[in-house]
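# A structural walkthrough
The primary structure of each chain is shown beneath.
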Amino acid sequence: MTLTRRTFVAGGAAGAALVTASSPAAWARAVPAGKDVHDDLLADAAMVWKRLPSGWQNAPFLGNGRLAAHVYNKGGEGNVLRIMLNHSLVQDQRGQWEAAIGYSRLPIGYLTLTFAGTVTAVDWRLDLATAELTGTVTTTAGAVRLSALILNDRDVLLVSLEPTAGEEAVAWGFTPLPSATTRTIRRPPDYTANPDPAIAPGYVEQTLHAGGGYTTAWREVRSGTRRMLAATIAYGYPDSTGLAAAVGTVNRALDGRPDRLVAAHRRWWQRFYRRSLVSVPDRRLQRFYWIQLYKMASATRADAPVVTEWGPWFPEVGNSWTNIWWNLNVQVAYPMINGSNHQELDAVTATFRKYHHNLETNIRPEYRDGKTYALCHPGDRMLRPGPRYVGVPGVSPNDHTGNLTWGMHNVWLAYRHSMDDGVLREVLYPILTKAINYYARFLTAGADGKLHLPETRSPEYANASDATYDLSLIRWGCRTLLESAARLRIDDPLAPRWKEILEQLVPYHRNEQGVMIGAGVPLAESHRHYSHLLWLYPLQESLDRVSFEHWASMREKWHGYSFAAAASMETLFGNPEQALAHLKFFVDGNVADNCAMTPNTMYREGSNKAIESPLAAAQSLLDMLVQSHGGVVKVFPSVSATWPEASVERLRTQGAFLVDASRREGRTEWVRVRSEKGEPLALQHGIEGEIDVRDERGRPVPYAGTDTDTGTITLPLRRGESVIVARRGTRPDPRPRMVPEVGSAAPWGLP
């Protein structure tokens, strides 16, 4: 008999505790389903496994920004499940080599769950609402019910087991992996793996050649036939291997009240999701969006490292992407946290705030002057590059030159969505100043009277003088510094230089096909990176259909983030059907250049794992629903005609506004905006015909501008005030909802 997840819970309360709270193997009672619209949305978005996952490409995944795990079966191991463990802090510390090797993230190992019989079926559900994997494993000898989660606020994996007769002997083990970089590119001949680990009952202690190390510890407790395992990883450098910390963490989790730990974990996730809401008729896309929120919160936090190419997870085989890539990957992964109202996940701003002093080490020693910063890729979580440097324009060009300025654009987005002048004053302004200083020292006046940039490299395409990628970042940086100085009331002696650069910087080089890569270098073949279009998106300097269409006409080498960028660009042009087509091509799992979305919403490039493209696609969906660049909040600016309804709540925009809105029968019916900081509000509401504008108490609110034909109005909102805009004479119901489905779609996972 194949036992299903439903078989085990039938006859009892939904989500009931596995054991009583007084048991040493206690598990907390789940929050009842169906309490509000968020519960309905999250229940609908749960991922399902009816087939055994075989690796990271289709496995359920857990994480808290530091500790991470994914669960799968390795081919040929018919009676074993693996839980691959990793931790985002665990890295090497040999700074004599470049960061991808000397500061490489390190594989740690995997727990094994060995059954008496051969696994014949699984019935699993990854509940986003509580970040828990629950279900059953059926074998030729019996079955085991399991629940697994990684606690939100401490680095502990908890796994609860309940075997039936025949599987009482199901047993845990742990297999360490070699403590060595998996990177093969530029691997030095004198590189050696770290020493073999010390293996003892309940822990594996791994030392590093550089000092310190890390320890994986685990322990199981039993109550009758029920069991609970706790496992953790602790990292220490330079003096500790984390042994005492790891063993202590496991003991405290199991010897205290694990049911209370789980209850606190569930409360955090419940609060997390209720910071915003998105519902659209395309159920596959709606589920995908909510899974990306879950993934992002599992992968990063403001007090955790910036995501590497794999997030905190580690593919068992690994590859050469062993640290943090700053030439696109980080920059496209994080914007979604702003619109979704999750700035508690902003590791980028926090990292620059804490480790900016290491940015000077990214510059070649002979060019360091105490006034300039730059940023290499790959680098480590502390912005250290090892002996690898940003290129020198005209001398030793490489594609690192714009990394830091583009990274500052992420910080700027975080600032604009919060209007936290502390971020502007303490992070963005000083670091961007030094980033532009690095560019400015190489600008030279040409015979045409314009300032030119010597040869750099347009990322992933070609070397060029006056590279459009770099020129667009210089323009954005100088403009942003001048605006920031005005807001902060700083009389900066560099301001005249920034103005001079804006006035005299050479225009982008063009031909009949639009903007070129740089001087004399046209876009002649498919280009996944879109570096020469950065001015269009995300910098949004201007619109140019010719340049976009030329890039979009050659898609042979596009990757996932290319389709996401194209979707977002089309929203700026006001082309919702084209935007949705690009987004769905990617999300629906189509293969391009041997790259594709995987069944668990991860993403592969060849066989390599890369986290950023699905996260960028989530931002593309947000761009369809709400935009706010240029000081205008636009509601439903690019929603497909195939989506007659949509509902959003507390989507965050530039200017620190929170937007709720509803669309029915193909029309915007109402918009509510709350101001957090009292910034000027220009609202393109999209409501047809005459409108009423009222405050939360129903009183009319004065406004300026047109109120018909989806025009833009301006409103005087003070800090904390809200306004509702609706069709005249209607009484809007401002509650969010799960909109009706158009079509049908299977859940994500392996249903």
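Note that this is a predicted model, so its numbers are computed, not measured. (Residues numbered from 1 in each chain as written. Predicted model: local features only at pLDDT ≥ 70, side-chain atom pairs only at ≥ 80, totals over all residues. Heavy atoms only, no water.)

### Quick notes on the overall build of the chain
Filter applied, for reference: Secondary structure counts use DSSP, requiring at least four H or I residues in a row for a helix and at least two E residues in a row for a strand, with both numbered from the N terminus. In this treatment the radius of gyration is a C-alpha quantity, and the globule benchmark scales as 2.2 Å times the residue count to the 0.38 power. Relative accessibility under 20% of the residue-type maximum defines a buried residue, over 50% an exposed one, and the middle range a partly exposed one, all with a 1.4 Å probe and only protein chains included. Note on definitions: a residue-residue contact is assigned when non-hydrogen atoms from the two residues lie within 4.5 Å. Neither His nor the chain ends is counted toward charge; the positive residues are Lys and Arg and the negative residues Asp and Glu. Here the site of a charge means NZ on Lys, CZ on Arg, CG on Asp, or CD on Glu.
The helix and strand tally for the chain stands at 17 helices and 35 strands. For the chain, the C-alpha radius of gyration of 26 Å lies close to 27 Å, the compact-globule estimate for 751 residues. The principal-axis extent of the C-alpha atoms belonging to the chain is close to 80 × 75 × 45 Å. In the chain, which comprises 751 residues, the proportion classed as buried is 63%. Summarising the internal contacts of the chain: among those between residues at least 6 apart in sequence, 68% fall at separations of at least 24. Counting 81 positive and 76 negative side-chain charges, the chain places the averaged centre of each group 5 Å from the other.

### Focus: the pattern of salt bridges
Quick note on the threshold: Here, a salt bridge means any Lys or Arg side-chain nitrogen found within 4 Å of an Asp or Glu carboxyl oxygen.
Following the criterion strictly, the structure yields 45 salt bridges and no others. Across the pair D44 and R287 runs a salt bridge whose closest N-O atoms are separated by 2.9 Å. With D44 in helix α2 (residues 37-45) and R287 in helix α6 (residues 283-299), the pair connects residues that are 243 residues apart, well separated along the chain. On the accessibility criterion, R287 (7% relative accessible area) is buried. D255 is the partner of R219 in a salt bridge, and the nearest nitrogen-oxygen pair spans 2.9 Å. Note that R219 is positioned in strand β13 (residues 213-223) and D255 in helix α4 (residues 243-255), a separation of 36 residues in sequence. For R219, a relative accessible area of 26% gives the class partly exposed. Given a relative accessible area of 53%, D255 falls into the exposed group. Each member of the salt-bridge network shares a partner with another, and the members are D282, R284, K584 and D588.

### Here's the deal with the side chain of N152
Summarising the element assignment, N152 is placed in the loop between β8 (143-150) and β9 (157-163). Judged by relative accessible area, which is 7%, N152 ranks as buried. Ignoring anything within four residues of it in the chain, the contact list for N152 reads N64, R66, H265, W268, W269 and R301.

### Some words on the pairing of strand β33 (residues 712-715)
Cut-off, in case you're wondering: Paired strands are those between which DSSP finds at least two bridges.
Burial of β33 is one-sided: the residues I713 and L715 facing one way are buried, the residues T712 and T714 facing the other way are not. Looking at chain direction, strand β30 (residues 681-684) and β33 are connected through 4 bridges and run antiparallel. Bridge pairing links A682 to T714 in β33. Strand direction decides the pairing type here: strand β32 (residues 704-705) and β33, joined by 2 bridges, are antiparallel. Looking across to β33, one finds that A704 is bridged to T714.

### Observations concerning the confidence of the model for the chain
Any region with low pLDDT has predicted coordinates that should not be read closely. Applicable threshold: What pLDDT conveys is the predictor's confidence in a given residue, as a value from 0 to 100.
For the chain, the average pLDDT comes to 94, and 95% of its residues sit at 70 or higher. Between residues 1-22, whose pLDDT stays under 50, and residues either more than four places distant or in other chains, the model counts 46 contacts.

### Here we look at the packing of aromatic side chains
For the record, the criterion: Stacked, tilted and edge-to-face pairs are distinguished by plane angle, under 30 degrees for stacked and over 60 for edge-to-face with tilted covering the rest, among Phe, Tyr and Trp rings (Trp via its six-membered ring) whose centres lie within 6.5 Å. The rule is short: NZ of Lys or CZ of Arg within 6 Å of the ring centre and within 35 degrees of the ring normal puts a charge over the ring.
Tallied over the full model, the rule gives 28 aromatic pairs. With centroids separated by 5.5 Å and ring planes inclined at 40 degrees, the aromatic side chains of F61 and Y294 adopt a geometry described as tilted. Of this pair, F61 sits in strand β2 (residues 61-63) while Y294 sits in helix α6, placing them 233 residues apart in sequence. Judged by relative accessible area, which is 1%, F61 ranks as buried. Residue classification places Y294 among the buried residues on the basis of a relative accessible area of 0%. Each ring, one from Y289 and one from W290, has its centre 5.9 Å from the other, and the planes form 85 degrees; the classification is edge-to-face. Like Y289, the residue W290 is buried in the burial classification. In textbook terms, an aromatic cluster arises when at least three aromatic residues are bridged by ring pairs, as seen for F61, W268, W269, F272, Y273, Y289, W290, Y294 and W313. Cation over ring: R284 sits above W748, and NZ or CZ is 3.7 Å from the ring centre.

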